[in-house]
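So the chains spell out like this:
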Amino acid sequence: MADDAAPTASDTTTEPVLACPISPVVDIVFSRWTTPVLWTLHAHGRQRFVELERRIARITPKVLTQRLRQLERDGLVVRTYHPEVPPRVEYEISELGRSLAPLFAHLSEWAAGNLDKVDRARRAYDGDPAR
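Description of the structure in this document. (Residues numbered from 1 in each chain as written. Predicted model: local features only at pLDDT ≥ 70, side-chain atom pairs only at ≥ 80, totals over all residues. Heavy atoms only, no water.)

Examining helix H4 (residues 34-44)
Part 1: Taken together, the buried positions of H4 are Thr 34, Val 37, Leu 38, Thr 40 and Leu 41. Burial along H4 is one-sided: seen end-on, the buried residues are contained in an arc of 160°.
Part 2: Among the residues trailing H4, Gly 45 stands out with phi positive, at a value near 75°. (Buried < 20%, exposed > 50% of the residue type's maximum accessible area, 1.4 Å probe, protein only. Helix = DSSP H or I, 4+ residues; strand = E, 2+ residues; numbered from the N terminus. Arc of directions from axis to C-beta.)

Focus: the packing of aromatic side chains
The geometry of an aromatic ring pair comes down to the distance between the two centres and the angle between the two planes.
Part 1: This model, assessed by the stated rule, comprises two aromatic pairs.
Part 2: Aromatic pair Phe 30 and Phe 104: ring centres 6.4 Å apart, planes at 80°, arrangement edge-to-face. In this pair, Phe 30 sits in the loop between helix H3 (23-29) and H4 while Phe 104 sits in helix H8 (residues 101-127), placing the two residues 74 residues apart along the sequence.
Part 3: Seen in terms of ring centroids, Trp 39 and Phe 104 are 6.1 Å apart; in terms of plane orientation they differ by 55°. Their pairing is tilted. Of this pair, Trp 39 sits in helix H4 while Phe 104 sits in helix H8, placing them 65 residues apart in sequence.
Part 4: Accessibility expressed as a relative area gives 47% for Trp 39, which makes it partly exposed.
Part 5: Taken together, the ring pairs connect Phe 30, Trp 39 and Phe 104 into an aromatic cluster. (Phe/Tyr/Trp six-rings, centres within 6.5 Å; stacked < 30°, edge-to-face > 60°.)

Quick notes on the nonpolar core
Part 1: Of all hydrophobic cores here, the largest spans 18 residues; its most connected members are Val 37, Leu 38, Leu 41, Leu 52, Leu 68, Val 77 and Tyr 91.
Part 2: Of all elements in the fold, only H4, helix H6 (61-73) and strand E3 (88-93) reach the threshold of two or more residues within this core.
Part 3: Aside from chain neighbours lying at most four places away, what touches Leu 68 is Val 37, Phe 49, Leu 52, Val 77 and Tyr 91. (Core = buried A, V, L, I, M, F, W, Y, C linked by side-chain atoms within 4.5 Å. Contact = heavy atoms within 4.5 Å.)

Structural notes on the packing of H4 against H6
Part 1: Relative to each other, H4 and H6 sit at 75°, their axes nearing to 10 Å. Between H4 and H6, the angle falls in the class roughly perpendicular. Contacts between H4 and H6 involve Thr 34, Val 37 and Leu 38 from the former and Leu 64, Arg 67, Leu 68 and Leu 71 from the latter.
Part 2: Across the contact of H4 with H6, the residue classes tally to five nonpolar, one polar and one charged. (Axes fitted to C-alpha atoms, helices over the stretch in contact; angles between N-to-C directions. Parallel < 35°, antiparallel > 145°, perpendicular 65-115°, else oblique. Nonpolar A, V, L, I, M, F, W, Y, C, P; charged D, E, K, R; others polar.)

Without other data, these values stay purely geometric and don't point to any function.
This is the structure we're talking about:
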């Protein structure tokens, strides 16, 4: 294929990013525990690990540690180590992470206006004896 030729259907099906250019964003932002961590840091500001753990119900310390490390790696969270006795570590959402706020606001609006419709559709689907 020439460099300036348009991608064919087979080109877009072999590479997921070409088929859906937002898939890398979805992978980064919408993994199981990423949104609760980012939401909590955005809503409550700088937090210590135990504060995050208390605010995010049912997250295990291991998973929280993994999420925080990944979010720090992705540039969405800033980790600050204070060399005190005992040592203190705090996490806060970065400017890059804060730039997701409008996306979360739109999703929150969509959820408020549509989750009841999703629930009704699920009940109708589950109650259909033809399924």
